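Listed here are the chains, written in short residue letters.
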Amino acid sequence: MTAKVTYFPVANGDMTLIQIEEGTRNDPMRKSILVDCKLDMDGGANCDVVHEFRTRLPIDEKGRPFVDVFCLTHPDQDHILGFKKHFHTGPIADYKDENALADRKIYIKEMWSSPIVFRRAKRQKEEGESFCPDAQAWQKEAKRRVKLWRQNNAGKDEVGNQLKLFGKDCDNNGENKNADLEDITVLSGGDAFCAMELGNGSQVEIKTLGPLDHGGVDGDEEEASLAKNRSSIIVQALLYKDSGQADPVKLLLGGDAAVTVWEKLWETFGDDADDRRLEYDILLAPHHCSWRSLSHGSWSDCEEKGGESCKVSEDAESALSQARKGAYILSSSWPVKGDDGDPPSIGAKRRYVKIVKSDRFLCTGETPNEKNPRPIEFLVEHDGVVKNTKAASAAAAVSVSEGAMSETAGHG
Amino acid sequence: MGEPAQDKARPPSVELACEAIASLDFCRLIDESKADDKKRAWTLVVEFDVEFPSRTELSANGETKDGIRPKEPVHLVFVDTDELSVPIPVLREDFNPNLPHLTVDPDLGPIPCLSMGSSKDLLVYRGGYFGFLALIGMWLETAARSGLVDADEGWEPIPVFEGDRIVFSSGSIIDRLERAPKSDRVRGRFVGKAVISEGKRLTSYLVLEEGSSLEESAPSQTAPVVATISTPGSVSCWRAVSKIQSLQDLERVIERECGKQAKIRPLFSEVKEQSGKPNHMVVLVALRRPHKLSQFDLDVEVVPFVVSGDIDNPGTARASIMRQTEQVSRDLVERLSRSTWVGAQIQRLALIGAGSLGGKVGAGLSRLGLPAMLAADVDVFNPHNGIRHEFPPVMGESELFLKSDLLAMFCRQFGTQAQSVSGDGGDALEENLKGGSDTKIMILDTTASPHLRERLVRKGDLGGRYANAAYHHHGDAAHLYVEGGSRNPRVDDLIAWSMDRAVDDEKLASVVFSRDPMMEEIAVGMGCQSMTMPMDDLDASALASGISRNLERLMKEGAGEDGTVAWGIKGDVPGSWEWQVHSVGTTDIKERSDETSGWEVRILDPCCREMAMWGDRGGENEACGALVGRVDRLSKRITVTRLVVHPDSPIGSRTRCNVDLPALRDDVRQLQRRSREALTFLGTWHSHPQGGRESPTDLSTLKRFAERMGGSPFVMLISNQVSGEILCRVETPTG
């Protein structure tokens, strides 16, 4: 039994795969949650992410690769790139792909999407500007599934049609457009829910932190502020390797959420000593290690002028500092350079390194080295996470060995 | 440590190890020294980063509860320094000696158990020094999380060949060749044989283990033939028994094998012609297995390697196991075997199961130009079974591929329109085969998954010609049953027929009836739904090859209406195989009815013929005798496999023929014994020369005898000599 989480080197972008599994690839005891994807690189990164991703996916009894859950934190291109090309959309009955396994479309058993995040993202776009084609494809598929719910279609609960909506979809007047979809709506701060589980107690539990609802009478103003601050689905994922795991491993995933969001999260959840929704064993540094997630200023201004721009928001930093013993912070980004670039920002990295030791700050573009980045895989153990570097090295070495396919053993 | 190594040029193995260490992020070289005694020709001290679970509590001195540190020094001790040498990883002196999977060498210190068998093979099969170093690191990390013993995730030493005899790089092969004395009387241990083509000249060499010697000059060194293309197109691998100690021994095996199974061809010039590469070398390497996969002592196999590229420049030459026939194109195979599928009666093969048997048969037929194939399998490929499955080296991701996908990919290389109907294979294959209209397809069922077979085969509504094949007895034998037209005779009949045949054939009996207490079946595959058995891969190859050959013939010439039974059994001469192929005619099936007391009765064709024959011989007189066969109580099916007749005469009078059962008892009992009780006394048969149904005497006899059967059904067959029909009654005592 393995519970693991893999962060793929997708330059500035996010792609995280959480898995609990047992047995071979077509064993039904394999489950996975994909959080964001970036499957067509924008050049430079020397890693075949498509291959790395696909070979980790389970396949169903008909030979179709799938993910149990695909969570899109927000519809920016660097979080959804390649969706149209690699994922099946439409009813599962229409899945007609006779390609080799390596090219077959991946189907999504359950989508996690947030209409309010889409609404806020749209609000930030220029007049006439639309989402990238992959985000549009996602939205269309989510709407198809929503329609089944609205029509109370008998197939709405079937695999390939399932859906969860994160946050209320309130318009500028505060009216929840999805009030009729309560059954599939997940509210921030709501109860934890089990996203997937296997028989032996291995499971992934989700506590939701975002997207934040706008509040009260100043709703529109606050809504505008949240829109500007890169609204995202934000979750704390709790991973249990098996029933013997008393204290789960905690992942904090926050998409591109910016400083204001983290301030509000600290305000909301910071003093909750029982729930500890901001606590983590691994934090995916928001917005690819952007300074804007920690500060209201810009990093280039800070570098050039100093002053206010260099000031870190105490609340935001507190929200992102709830590291447990031995925790890791990951920057899913290009290598972090000592310049005024952002993201990733060296300023943000310095703050994160203060939270965890320097050897616990990892950058997907630098691991194991800048020249040949590889997915960073963590295994869930009873006392935390362990980086799974050597198995990957061995596998890579075997794969290039001429004798790799030559070993014989006593069964088959 | 011995003397500092700075001033000494590193030997090849040390240099290779250092290159790997330098390129890995989780370890680094911190010290190096040259020989200090016989046990340490060279030592590298490598520091490994050991990853702990993030919340691990460490002691005051930074160790886990089992004493593992975040940085562990490991001494890589090179006993030998040639290119084939593998260092012994030695942990620090004060390493916790009580951990499992750890041995403490009194001279060297604590050594982690990385492999079962020689660690040398780790270099060959686990990615060279990169994989070897990674394995050390993984062992340390498993120890760090106290996981060396764990029912689910504990450490398992990698099973490998004993690598003392392995040759893995062309450079070292050539080096050894040059050092090998020009003689053919071997004193020492045989390693392999090499043939190098230089222009049109082929020179063969004997590859010997270090320290071996030869006494005489070798006239055989001009022998041009080393490898052959066997009829199904795969390069033969020959089993070499442990008594092979000389070139002559090896050549005798090759000749024997070639004579049985293959056409002897000078492969190398063909390969050269095809590839256009300047030089090629084939090396037959004897590999000794770490474990005896069967209970026999024959644990050495010979595997051909191809070394291609410029062998005068070892740095650019590549060595690979020849099983993939990367160098052997379909055209070449066709030219050598003169195989063509133009006009073949059956041009499509549907494989149910693409494992060690189905995969090999599919690949073999594909190399011979099989036009189209469907493959279904429920399982994923596991790279440690590379040779057994003959799948292509789809590097890196092959271990997560479905076997059927890999097989289809492989076969497409040879122009076969191959399609994988993967997953559980059920629906898609069913769609392709259902309906019974398409008779131009051979369905070969090799699956060990009862689930898949149940879904596809028992339904009985598949189109095409159904065949079933399997290995027996750790690869000592294999069968191929091809059902007759309209599924008659069926596989059940052919099994019963084989049992009956085996009664008179000691060799066949040894595999058909024997229940070897050593036989182990292993549950494998998704949800452990499949069963397989440990066996020698070379046996598997040879048997699959025979099955391919028989299938190829049936598909090309047409399977006819009869069923076919083919058995391949290990020959008396090591490395040889004997195949017997028989046709079996239509079974006379008596459906379940009141007259059969609800039993289905299947009368095999030879019985029908024999009954008719005795009927004819009897003329106006009745003939009679006893019946022997199988009783399957579960499916309520009786199969009549044999008639037993009185040794003097089975002919009676015009109206009566008494079956003298006491006189036949000994014969029947002997049959039962020889079949290990698989076959049993069923009842009686007699002829009605004047036609007509059962007489009152027949019915009273039926009842009387049924009462004496101890609960078993009693069968009475009557051969109606007028209509040619066989009437059947079955009586089961109601009590």
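Scoring rules and cut-offs
- Residues numbered from 1 in each chain as written.
- Chains lettered and ligands numbered in written order.
- Predicted model: local features only at pLDDT ≥ 70, side-chain atom pairs only at ≥ 80, totals over all residues.
- Heavy atoms only, no water.
- Salt bridge = Lys/Arg side-chain N within 4 Å of Asp/Glu carboxyl O.
- Helix = DSSP H or I, 4+ residues; strand = E, 2+ residues; numbered from the N terminus.
- Buried < 20%, exposed > 50% of the residue type's maximum accessible area, 1.4 Å probe, protein only.
- Core = buried A, V, L, I, M, F, W, Y, C linked by side-chain atoms within 4.5 Å.
- Contact = heavy atoms within 4.5 Å.
- Phe/Tyr/Trp six-rings, centres within 6.5 Å; stacked < 30°, edge-to-face > 60°.
- Pairing = 2+ DSSP bridges.
- Axes fitted to C-alpha atoms, helices over the stretch in contact; angles between N-to-C directions.
- pLDDT = per-residue confidence, 0-100.
- Disulfide = S-S within 2.5 Å.
- Right-handed = clockwise from strand over helix to strand, strands pointing away.

Just checking my understanding: could you explain the pattern of salt bridges for this structure?
Taken as a whole, this structure holds 53 salt bridges over all chains when the rule is applied. Of the charged contacts in the structure, one is a salt bridge between Arg-104 of chain A and Asp-405 of chain B, with a shortest N-O distance of 3.3 Å. Separated into two different chains, Arg-104 of chain A in the loop between helix H2 (83-86) and strand E7 (107-113) and Asp-405 of chain B in helix H10 (residues 403-412) make up a pair that spans both. Residue Asp-493 of chain B is joined to Arg-602 of chain B by a salt bridge in which the shortest nitrogen-to-oxygen separation is 2.6 Å. Of the two residues, Asp-493 of chain B sits in helix H13 (residues 491-503) while Arg-602 of chain B sits in strand E30 (residues 600-603), which places them 109 residues apart along the sequence. Assigned by exposure class, Asp-493 of chain B and Arg-602 of chain B land together as buried. The structure contains a network of salt bridges with shared partners spanning Asp-247, Lys-250, Arg-276, Glu-279, Asp-281 and Arg-324 of chain A together with Arg-55 of chain B.

Explain the nonpolar core to me, please; I cannot follow it from the model alone.
Side chains of nonpolar character tend, in soluble globular proteins, to be buried together. All names here are of chain B. Formed by 44 residues in total, the largest nonpolar core has its most connected members in Val-512 and Trp-567. Counting residues per element, this core draws most heavily on H13, which supplies 7 residues. If near-sequence neighbours (up to four positions away) are discounted, Val-512 is found in contact with Met-499, Ala-502 and Trp-567. Grouped together as the second largest cluster of nonpolar side chains are 36 residues, Ala-344, Leu-444, Ile-547 and Leu-551 included.

What exactly am I supposed to notice about the packing of aromatic side chains here?
Aromatic ring pairs are defined here through the distance separating the ring centres and the angle between the ring planes. Residue and element names in this part refer to chain A. One pass over the structure, following the stated rule, counts 22 aromatic pairs over all chains. Where Phe-53 meets Phe-87, the ring centres are 6.4 Å apart and the plane angle is 40°; that geometry is what we call tilted. Separated by 34 residues along the polypeptide, Phe-53 in helix H1 (residues 49-54) and Phe-87 in the loop between H2 and E7 bring together distant segments of the chain. Overall, the relative accessible area of 0% leaves Phe-53 in the buried class. With relative accessibility at 1%, the residue Phe-87 sits in the buried group.

I tried to follow the sheet that holds strand E16 (residues 361-363) of chain A on my own but got confused; where do I start?
Each strand in a sheet pairs with its neighbour through backbone hydrogen bonds, running either in the same direction (parallel) or in the opposite one (antiparallel). All names here are of chain A. Across the sheet, which stays open at both edges, the 7 strands sit in the order E10-E11-E12-E13-E14-E15-E16 with mixed pairing between neighbours. Each of the sheet's edge strands pairs with one partner strand only, and the pair in question is strand E10 (193-197) and E16. Between one strand and the next, the sheet's axes are offset by a mean angle of 20°, whatever the strand orientation. When strand E15 (residues 323-331) meets E16, the two strands line up parallel, connected through 3 bridges. Bridge pairing in E16 links Ile-329 to Phe-361.

How should I be thinking about unusual backbone geometry in this particular structure?
Generally, phi is negative for residues other than glycine and the peptide bonds are trans, each holding for most cases. Residue and element names in this part refer to chain A. With omega at 15°, the peptide bond leading from Gly-210 into Pro-211 counts as cis. By the secondary structure assignment, Pro-211 is in the loop between strand E11 (203-210) and helix H5 (219-228). Of the consecutive residues Pro-343 and Pro-344, the connecting peptide bond is found in the cis state with omega at -10°. Topologically, Pro-344 is positioned in the loop between E15 and helix H10 (346-355). The phi torsion at Ala-11 lies on the positive side, around 55°, for a residue other than glycine. By the secondary structure assignment, Ala-11 is in the loop between strand E1 (2-7) and strand E2 (16-21).

Please explain the confidence of the model for chain A as it appears in this structure.
It should be kept in mind that the predicted coordinates are not to be read in detail where pLDDT is low. All names here are of chain A. Across chain A, the average pLDDT comes to 84, with 86% of residues at 70 or higher. Confidence, read as mean pLDDT per element, is least for helix H11 (residues 389-400) in chain A (56) and greatest for strand E14 (residues 280-284) (97). For residues 397-412, every residue scores under 50 in pLDDT, and the model assigns this stretch 72 contacts once sequence neighbours within four places are set aside.

Explain the pairing of strand E32 (residues 637-644) of chain B to me, please; I cannot follow it from the model alone.
Along any regular strand the residues' side chains alternate between the sheet's two faces. All names here are of chain B. Burial analysis of E32 places 8 of its 8 residues in the buried class, the great majority of the element. Strand direction decides the pairing type here: E30 and E32, joined by 4 bridges, are parallel. Residue pairing for E32: Val-601 is matched across the bridge by Ile-638. In the sheet, strand E31 (residues 624-632) pairs with E32 via 7 bridges, with the strands oriented antiparallel.

Explain helix H8 (residues 358-367) of chain B here, please?
Think of an α-helix as 3.6 residues a turn; residues three or four steps apart then line up on the same face. Residue and element names in this part refer to chain B. Within H8, 10 of the 10 residues are buried, which leaves it mostly tucked inside the rest of the structure. Of all the residues in H8, the buried ones are Gly-358, Gly-359, Lys-360, Val-361, Gly-362, Ala-363, Gly-364, Leu-365, Ser-366 and Arg-367. Following H8 by one or two positions, Gly-369 has its phi on the positive side, about 100°.

Hey, could you run me through the state of the cysteines in this one?
Disulfide: a covalent bond connecting the sulfur atoms of a pair of cysteines. Residues and elements named next belong to chain B. One pass over the structure, following the stated rule, counts 2 disulfides over all chains. Disulfide pairing places Cys-624 opposite Cys-657 at an S-S distance of 2.0 Å. Here Cys-624 and Cys-657 share a disulfide; its torsion about the S-S bond, -65°, makes the bridge left-handed. Taken together, the residues Cys-624 in strand E31 and Cys-657 in the loop between E32 and helix H17 (661-674) connect sequence positions 33 residues apart. The burial state of Cys-624 is the same as that of Cys-657; both residues are buried.

Whenever I open this one, the confidence of the model for chain B confuses me. Can you help?
Residues and elements named next belong to chain B. Looking at chain B, the pLDDT average stands at 68 and 57% of residues meet or exceed 70. Averaged pLDDT values over the elements of chain B bottom out at 24 in strand E13 (residues 229-230) and peak at 96 in E30. Taken as a whole, residues 392-399 scores under 50 in pLDDT and shows 25 contacts with residues more than four places along the chain or in a different chain. Between residues 516-531, whose pLDDT stays under 50, and residues either more than four places distant or in other chains, the model counts 39 contacts. Taken over the whole predicted complex, pTM reads 0.56, whereas the ipTM for its chain interfaces reads 0.82.

Any chance you could explain the pairing of strand E34 (residues 714-720) of chain B here in plain terms?
Residue and element names in this part refer to chain B. Taking burial as the measure, the 7 residues of E34 include 7 buried ones, the bulk of the element. Side-chain alternation along E34 places Phe-714, Met-716, Ile-718 and Asn-720 on one buried face and Val-715, Leu-717 and Ser-719 on a second face that is also buried. Pairing geometry for strand E33 (residues 680-688) and E34, over 6 bridges, is parallel. From the neighbouring strand, His-688 faces E34, where its bridge partner is Asn-720. Handedness of the E33-helix H18 (residues 696-706)-E34 crossover: right-handed. As paired strands, E34 and strand E35 (residues 726-731) are joined by 6 bridges and run antiparallel to one another. Counted as the bridge partner of Leu-717 is Cys-728 from E35. Between E34 and E35, which pair antiparallel and follow one another directly, the connecting turn spans 5 residues, one of which, Gly-724, has a positive phi of 85°.

Is there a simple way to explain the sheet that holds E32 of chain B in this structure?
Residues and elements named next belong to chain B. Strands sit in the order E29-E30-E32-E31-E33-E34-E35 across an open sheet of 7 strands; the sheet is mixed. Because the sheet does not close on itself, it has two edges, and the strands there are strand E29 (588-590) and E35. Direction aside, neighbouring strands of the sheet carry axes that sit 25° apart on average. Contacts from helix H16 (residues 605-618) reach E29, E30, E32, E33, E34 and E35, with the element oriented near 45° to E32.

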